Amino acid sequence: MSKPALYLSAASTISHQPTFGHAGFSAALVPLDAASALISPDYKAYIDAGLLRRMSKILRMSVACAKDCVVQAGIEQPDAIVVGTGLGCLQDTEKFLNTALTVEGLLPPTSFIQSTHNTMAGQISLSLGNHGYNMTHTQNTLSFEHALFDAAMLVREGDSHVLVGAADEHIDILNDIADRLAFETPVPLTSAASFFILSGTNAGNAAARLADVYTSGGAEYGQEEIDAFLDRNGMQIGDIDLVLHTGNPLSGARQNTGYLPLAGIYPTASAFALHYAVDVLAANGGVRNVLIVNALRKTNLGLTLLKAVEA
Amino acid sequence: MGVCITGIGVVSAIGMSVDENLNALREGRSGIGPLHYLQGTRAGLAGEVKASNDELRTALGVGTEYVSRTSLLGLQAAREAWGDSKRSGVIRTGIISSTSVGGMDRSEVFYKDYLAQHNPDYRLLTTHDSGSTTERIAKELGITGYINTLSTACSSGVNAIMLGARLILQGALDRVLVGGTDALSGFTIDGFRSLMIYDDQWCRPFDESRAGLNLGEGAGFLLLEGEKSLELSGSKPICNVSGWANAADAYHQTASSPDGKGATLAIANAIRRAGIGLDQISYVNAHGTGTKNNDHSESVALWNVFGDHVPPFSSTKAFTGHTLAAAGAIEAVFSVLAIRHNLLFPNLNYRTPIAETGLVPVTRLEIGAEVNAVLSNSFGFGGNNSSLVLTKYE
């Protein structure tokens, strides 16, 4: 089935790496060390100071990236806002749990209000004054791919520009939980947000094309699933210039890069990989096709195929 | 042919199955009362499902204790909607659930022990994330592949139905089980109390004296099939999913706008998508939570869209309580029942119209009027407004 082209016309990431406002960042990244910290921009440039004071980390990151994307794409408004998050607003969730268990009498509602998963998408719509489709996907390590899939459908249904992104935030208790549940964390647990504008046409500012995105849950995947995905897109592994992966490299690809050591571990780290891929493709250094293989959780497989914008 | 509903399932405070829910709706019997199963909360009244976690696990054949009540309720409704459908290598089948609390009912047990340093059981947290509630349901039903969860607060259930319909129309799936599930938790009870919109009396949707909501719990699921799936499965369609829309109010993080902007857009766009006239809507299953703010804003939106010809409408929240992410799915099942049995359900606890709008809901069970098209509204935090139009299968 031939599908119309989808263009990535903006990308913005706040992470533990110097990603925000640094086009070309992919060329100079080094793996995160254990002491790495979130690199925050001056949020006051993006968010009203009164609002900012009440916003948790995940909300600040999301709203700033969203606004940055709208400026980069040079559009007034996106037609829709679609967000993926694996664990949602952990900081406010923990805060309200704590308050409810320790405070007698009337509880302050702000952290409850901001604990719901769709607070990012809601706050973005508020800050942009956007009345379009507003959705939040939360499917563990595939939350971002599901959001991207939804955004791609929206463009095929006729939307011109969809703001799509992902965010997750780290709170201290996660390290303790990972230890106790024996989750292996060879690289640090991190916070990040990445947002993009997915467009139906290229206004000259598109950095990459989204060729396809695929999710599969509930069963351990095999190489044949990746081969079938490439086959549906008329490609073979030898056509892939760069594979960004979480687990084992793919043999046959020209270059493999594990993205977790760069992004750190969070449920929507594949959104970091997407921005990394867009940045590589925008640099125009001979990379034409990029495949992102997200198997952060072994029973969930996310595949995203990007291509260079045709000259 | 479009997108057909071929199976429905529901569990709520008024029953463990479609039949039990229908009987209570016919009899005007509310399921809201003092909490029996969830202990230690500050809620006076809530719409609790009348079964303990152990009873649910036994009935559903779920062995592990590490399962959230949200998953158990979802599985109960999903199994009923799935019925005796067969898995198929040819029919591409997916599942989309929705939840706002996920496994919070288990996480808060952990967190209490954690704060008290009272030997907290970390394994309780393995069911915390919302996606895992759906993964559990999918696993029990043997569904693999497209497994997804939406979380847009109180509009989630409608959004799952909408996404499922779009996936079928785009040819991404042939058949998809869609719905929503939420368990009561101390977290949400405290949350709505902190907002001062939890009524200690019975909730009174669309009544001038309304003073807030009563929370409830439960799940609703619907099996959606496209043309290819119907040919292969031989399922009998009950209704069509004909229209849907989601719009952002962009007014306030929790409150709805006084001019009902987002709700008006959702209602009007859903009816337009269904391709039917305003006068063809037989019944509106309103969001009608019983809060001052929602019922006013929703009334204004109904006025904006329908003018002087607002169709018969009611909120069924006074039966079930507000079941958050499950509400849109449970009420979609009720809307299917309205069409299937030609029923309009009563809006319990209503006496006096809201002064500014004067709208009067259906207050007694109405039988005999032909119900061909139902509009169902669900509006949530973050200004997330969704509407759905279901029509009789032709």
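Because the structure is a prediction, the values reported are computed rather than measured. The residue count restarts for each chain, going from 1 along the sequence in the order it is written. Labels are handed out in written order, letters beginning with A for the chains and numbers beginning with 1 for the ligands. Side-chain atom pairs in this predicted model are given and counted only at pLDDT of 80 or more, local residue features only at pLDDT of at least 70, and totals for whole chains, interfaces and linings cover all residues. Side-chain metrics in this entry use all non-hydrogen atoms of the structure; hydrogen atoms and water are not considered.

A. Representation of the overall build of chain A within the structure. Secondary structure assignment for chain A yields 10 helices and 10 strands. Taking the principal axes of its C-alpha atoms as reference, chain A extends roughly 65 × 45 × 35 Å. Out of the 311 residues belonging to chain A, those deemed buried represent 61%. Note on contacts: a residue pair is in contact if any heavy atoms of the two residues lie within 4.5 Å. Of the contacts formed within chain A by residues at least 6 apart in sequence, a portion of 73% connects residues at least 24 apart. Counting every atom, chain A has about 11,800 Å² of accessible surface; 50% of that belongs to carbon and sulfur. Averaged over its 17 positive side-chain charges, chain A has a centre that lies 3 Å from the centre of its 29 negative ones. The helix count covers DSSP runs of H or I at least four residues long, the strand count covers runs of E at least two residues long, and both are numbered beginning at the N terminus. Relative accessibility decides the category of a residue: with a 1.4 Å probe and only protein chains considered, values under 20% of the type maximum give buried, values over 50% give exposed, and everything between is partly exposed. We get accessible surface area from the Shrake-Rupley algorithm with a probe of 1.4 Å; when it comes to residues, only the shown protein chains can shield them. Note that His is not counted, nor are the chain ends; the positive residues are Lys and Arg, and the negative ones are Asp and Glu. Where a charge lies is defined by one atom per residue type, namely NZ (Lys), CZ (Arg), CG (Asp) and CD (Glu).

B. Looking closely at the pattern of salt bridges. Residue and element names in this part refer to chain A. Any carboxyl oxygen of Asp or Glu that lies within 4 Å of a side-chain nitrogen of Lys or Arg is treated as forming a salt bridge with it. One pass over the full model with this rule turns up 18 salt bridges over all chains. A salt bridge links lysine 44 to aspartate 42; the nearest nitrogen and oxygen atoms lie 3.9 Å apart. Of the residues examined, lysine 44 reaches a relative accessible area of 59% and is grouped as exposed. With a closest N to O distance of 3.4 Å, aspartate 176 and arginine 180 form a salt bridge. Here the residue aspartate 176 and the residue arginine 180 both occupy positions in helix 7 (residues 173–180), the gap between them amounting to 4 residues, near one helical turn. The class of arginine 180 is exposed, set by a relative accessible area of 54%.

C. Inspection of the domain arrangement of chain A at higher detail. Residues and elements named next belong to chain A. Here the bounds of each domain stem from an automatic or database domain assignment. Domain boundaries assigned for chain A yield domain 1 (6–199) and domain 2 (212–307). For domain 1 versus domain 2, the distance between C-alpha centres works out to 21 Å. Each side of the interface is counted separately: domain 1 has 43 residues, and domain 2 has 29 residues. Summed over both sides, the interface of domain 1 with domain 2 buries roughly 2,900 Å², with 69% coming from carbon and sulfur. When two parts are put together, the accessible area they lose, computed with a 1.4 Å probe and summed over both, is reported as buried area.

D. Summary view of the interface of chain B and chain A. The interface is formed by 57 residues belonging to chain B together with 60 residues belonging to chain A. Carbon and sulfur atoms supply 62% of the area buried between chain B and chain A, which totals about 4,800 Å² over both sides. Here chain B and chain A share 3 salt bridges between them. In this structure, the salt-bridge partner of Arg297(A) is Glu135(B), at a minimum N-O distance of 3.3 Å. The term polar contact refers here to a pair of N or O atoms within 3.5 Å; inside protein, the definition further demands a hydrogen-donor-capable atom paired with an acceptor-capable atom, and it admits residues adjacent in sequence only when both atoms are side-chain atoms. The tally of links from chain B across to chain A stands at 27 residue pairs in polar contact (both at pLDDT 80 or more). Tallied by class, residues from the side of chain B that touches chain A come to 25 nonpolar, 22 polar and 10 charged. When residue character is reported, Ala, Val, Leu, Ile, Met, Phe, Trp, Tyr, Cys and Pro are called nonpolar, Asp, Glu, Lys and Arg charged, and the others, Gly included, polar.

E. Inspection of the packing of aromatic side chains at higher detail. Residues and elements named next belong to chain B. When the centres of two rings from Phe, Tyr and Trp lie within 6.5 Å, Trp using its six-membered ring, the rings pair. Their planes under 30 degrees apart give stacked, over 60 give edge-to-face, and anything left gives tilted. Taken as a whole and assessed by the stated rule, the structure comprises 17 aromatic pairs over all chains. Ring geometry for tyrosine 283 versus phenylalanine 345: centroids 6.3 Å apart, planes at 80°, classification edge-to-face. Taken together, the residues span a long stretch of sequence, with tyrosine 283 in strand 7 (residues 283–285) and phenylalanine 345 in the loop between strand 9 (343–344) and strand 10 (366–367) at a distance of 62 residues. Judged by relative accessible area, which is 0%, phenylalanine 345 ranks as buried.

F. Geometry of the state of the cysteines. Cysteine sulfur atoms that pair up within 2.5 Å are treated as a disulfide. Counted by the stated rule, this structure contains 0 disulfides over all chains. Left unpaired, Cys65(A) is separated from the closest cysteine sulfur, that of Cys69(A), by 6.8 Å.

G. Local environment of the environment of Ser229(B). All names here are of chain B. Positionally, serine 229 belongs in helix 8 (residues 227–233). Put simply, serine 229 and phenylalanine 319 are 90 residues apart on the chain and 35 Å apart in space, counted from C-alpha to C-alpha. Discounting residues that sit within four places of it in the chain, serine 229 has contacts with Ile91, Asp174, Arg175 and Gly234.

H. Region of the structure containing the nonpolar core. Counting residues in hydrophobic clusters, the biggest one holds 140 residues, and the most contacted among them are Leu222(B) and Val241(B). In this view, Leu222(B) contacts Ile5(B), Gly7(B), Ile8(B), Ala81(B), Ile161(B), Val176(B), Leu177(B), Val178(B), Ala329(B), Ala332(B), Val333(B) and Val336(B); residues no more than four positions away in its chain are not counted. Here the nonpolar core consists of buried residues drawn from Ala, Val, Leu, Ile, Met, Phe, Trp, Tyr and Cys, with membership extended through side-chain atoms lying within 4.5 Å. Counting residues in each nonpolar core, the second largest holds 30 residues, with Met61(A), Leu128(A), Ala193(A) and Ile197(A) among its members.

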